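# Architecture at a glance
Listed here are the chains, written in short residue letters.
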Amino acid sequence: MARPLAGGSESHSQGGDTVSVRLEVRALSEKEFGSVEKDWARLLHTSTADPLFMSWPWLYSWWETWGSRLGLELVLLGVYLPDGKQLVGIAPLYRHRFRIAIGMKVTRLHFLGNAWRVSPTVRTEYVGLIVEPQREREVADAVARYLCATEWDELMIPDSQQINGGTFGKALAEHCNAIPLLRSESQGIRVDTTGSFRTWAESLGANTRLKAFNRRAVFEKELSGHWQPVEEDQVSQSRFMDSLNDFHQRRWGKPCFDRQALEFHLKLLGRLGSNQRPELSGLVADGKVVSVLYDIRAGERIYNLQSGYDESLHRKLSLGTLHLGYAIERAFHHPSVCCYDLLAGSGKKTFYKSHFHGQQVDFPTLDFVRSPILRAAYHCRPWLPGNLVSRINRVFRL
């Protein structure tokens, strides 16, 4: 059963008077998680939350793949108006309990989509609450008050879409006396595709422009190369993933996706909603696939999730950059796409994404610490010798 708890209020004017509306926070069961897709999609469409990573297909597929395997406890909170029917906010969380070396039990709340210091899964970025924009503060307060009455020592927001956790971070600090700590930070690049493609291409460095565009002549004329889309049926998508894994195996010595990650991505592709679409593509030379690019379009953005290619095909070609060139140009010419998102992470040798002259996006991983013992452990580290800090990190799994 869902467990209701009133928390937070919303004020609005009605005939010159201020009316207070009490929001209801409800813990949703796994069964309800599986059936809330339509309401989730409606709320996501009206919110400023990320249309891919905070979508039901992404997070439900993640939970279905790793929730039980990792022994996680679902803490999926729905925030409703008093009628109990209209969903105005979602806090997609789970609880992970573990025991550290000194015997102390620690309970961490995490956002669905990442298992920070738990186990490798896939990476979920732009993490945060899903909220109707005009109710952001009220929903954040309601969720924070609800969480204050539950058991947890830390709450992790990995790859947050907002510095300091935004409104939700402020609510956690205010209502739960949770101190925010920056645990790590990554950078990504997002290319604005609303302007002129030619102007953007001419702004690139000579070497990037050569690899991404000018070497097409070599690829298309000497190797009879061309770009081609991947069909959206299950068999074609499965073969695409096999090719992606094969290219990574040859380049890195291991596949791109292990068995569980592969299971997740195939489920995801089969569940994408009306505002989402797979954008899988390949480069073909002399009749053979030599590069694959795993993109998904969600809302007005195309996300570049992964790529794989044959490094040894031709000494003048950088197939990864060439393939991105095709994809970014197509994004510029797509009437409903506003940007091509290269997401977080660097390349094998350099931060190659910065060469595409996009906007840098920071992805802070935030830890809201509630436990006095863990606070003490965190705060003493800057003044301790390195070897002792490493020992504290191991003991407390920091």
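Residues numbered from 1 in each chain as written. Predicted model: local features only at pLDDT ≥ 70, side-chain atom pairs only at ≥ 80, totals over all residues. Heavy atoms only, no water.

### Thoughts on the overall build of the chain
Check the secondary structure of the chain and you find 13 helices and 14 strands. In the chain, which comprises 398 residues, the share counted as buried stands at 53%. Restricting to contacts in the chain with at least 6 residues of sequence separation, those with at least 24 account for 71%. Roughly 18500 Å² of accessible area belongs to the chain as shown, and the carbon and sulfur atoms make up 48% of that amount. (Helix = DSSP H or I, 4+ residues; strand = E, 2+ residues; numbered from the N terminus. Buried < 20%, exposed > 50% of the residue type's maximum accessible area, 1.4 Å probe, protein only. Contact = heavy atoms within 4.5 Å. Areas by Shrake-Rupley, 256 points an atom, 1.4 Å probe, with all protein chains shown as cover.)

### Some thoughts on the side chain of histidine 110
Assignment of secondary structure puts histidine 110 in strand E5 (residues 105-111). A residue is classified by how much of its surface remains accessible, and histidine 110, at 2% relative accessible area, is buried. Residues in contact with histidine 110, not counting those within four places in the same chain, are Pro92, Leu93, Tyr94, His96, Trp116, Val118 and Met156.

### Remarks on the pattern of salt bridges
Side-chain pairs of opposite charge can arise whenever the charged atoms involved come near each other. Under the defined criterion, the tally for this structure stands at 23 salt bridges. For arginine 108, the salt bridge goes to glutamate 154, with nearest N and O atoms at 2.6 Å. Residue arginine 108 is found in strand E5, and its partner glutamate 154 is found in strand E7 (residues 154-157); the two are separated by 46 residues along the sequence. For glutamate 154, a relative accessible area of 0% puts it in the buried group. One salt bridge connects arginine 251 with glutamate 311, and the closest N-O pair in it is separated by 3.1 Å. You can see arginine 251 sitting in helix H9 (residues 234-252) and its partner glutamate 311 sitting in the loop between strand E12 (301-309) and helix H11 (319-333), a full 60 residues away along the chain. Since its relative accessible area comes to 46%, glutamate 311 is described here as partly exposed. (Salt bridge = Lys/Arg side-chain N within 4 Å of Asp/Glu carboxyl O.)

### Re the nonpolar core
One finds Phe33, Trp40, Trp62, Leu147, Leu155, Phe168 and Tyr294 to be the most contacted residues of the largest nonpolar core, which totals 84 residues. In contact with tryptophan 62, other than residues within four places in its own chain, are Gly67, Leu72, Tyr94, Leu112, Gly113, Asn114, Ala115, Thr121, Val122 and Phe264. The next biggest cluster of nonpolar side chains, apart from the first, holds 19 residues, and it includes Leu204, Ala327, Ile328 and Phe356. (Core = buried A, V, L, I, M, F, W, Y, C linked by side-chain atoms within 4.5 Å.)

### A few points about the packing of aromatic side chains
Taken as a whole and assessed by the stated rule, the structure comprises 20 aromatic pairs. Note on tryptophan 58 and phenylalanine 264: the rings are 5.0 Å apart at their centroids and 80° apart in plane angle, and the pair reads as edge-to-face. Placement of tryptophan 58 in helix H3 (residues 56-66) and of phenylalanine 264 in helix H10 (residues 259-271) is noted, with a sequence separation of 206 residues between them. On the basis of relative accessibility, which here comes to 1%, the residue tryptophan 58 falls in the buried class. Summarising the aromatic geometry, the rings of phenylalanine 219 and tyrosine 326 are spaced 6.5 Å apart at their centres and angled 65° between planes, so their arrangement reads as edge-to-face. Of this pair, phenylalanine 219 sits in helix H8 (residues 216-222) while tyrosine 326 sits in helix H11, placing them 107 residues apart in sequence. Seen from the ring of tyrosine 80, arginine 26 lies directly overhead, with NZ or CZ sitting 3.9 Å from the centre. Above the face of the tyrosine 326 ring, arginine 216 is positioned so that its terminal group lies 4.1 Å from the ring centre. (Phe/Tyr/Trp six-rings, centres within 6.5 Å; stacked < 30°, edge-to-face > 60°. Lys NZ or Arg CZ within 6 Å of the ring centre and 35° of its normal.)

### Some details on the confidence of the model for the chain
Looking at the chain as a whole, its pLDDT mean stands at 91, while 89% of the residues score no less than 70. Here residues 10-19 is a poorly scored stretch, pLDDT under 50, and it has 13 contacts once near neighbours within four places are set aside; other chains count. (pLDDT = per-residue confidence, 0-100.)

### As for the environment of isoleucine 373
Along the chain, isoleucine 373 turns up in helix H12 (residues 372-380). The class of isoleucine 373 is partly exposed, set by a relative accessible area of 49%. Each C-alpha atom of the pair isoleucine 373 and methionine 104 lies 9.9 Å from the other, and the pair is 269 residues apart in sequence.

### Regarding the side chain of aspartate 141
For aspartate 141, the position within the fold is in helix H4 (residues 136-148). Under the relative-accessibility criterion, aspartate 141 is labelled buried at 10%. Those residues in contact with aspartate 141 that sit more than four places away from it in its chain are Ala171 and His175.

### Examining the layout of surface pockets
In this model, the second largest pocket occupies a volume close to 460 Å³. In terms of lining, the second largest pocket is formed by 22 residues, of which the most central are Ala41, Leu44, His45, Pro51 and Asn275. Those elements that place two or more of their residues in the lining of the second largest pocket are helix H2 (37-46), H3 and E12. Taken together, the residues that form the lining of the second largest pocket break down as 10 nonpolar, 8 polar and 4 charged. (1 Å grid on protein atoms, 1.4 Å probe; cavity = no way out; pocket = protein on both sides within 12 Å on 5 of 7 lines; lining within 4 Å. Points joined across faces, edges and corners; volume = space filled by probe spheres on them. Nonpolar A, V, L, I, M, F, W, Y, C, P; charged D, E, K, R; others polar.)

### A closer look at the pairing of E5
Remark: a regular strand shows side chains that alternate across the two faces of the sheet. Extensive coverage of E5 is indicated by the burial of 6 of its 7 residues. With 7 bridges connecting them, strand E4 (residues 87-99) and E5 associate as antiparallel partners. Bridge pairing in E5 links leucine 93 to phenylalanine 111. Sheet topology places E5 next to E7; 3 bridges connect them, and they run parallel. If you follow leucine 109 over to E7, its bridge partner there is leucine 155. (Pairing = 2+ DSSP bridges.)

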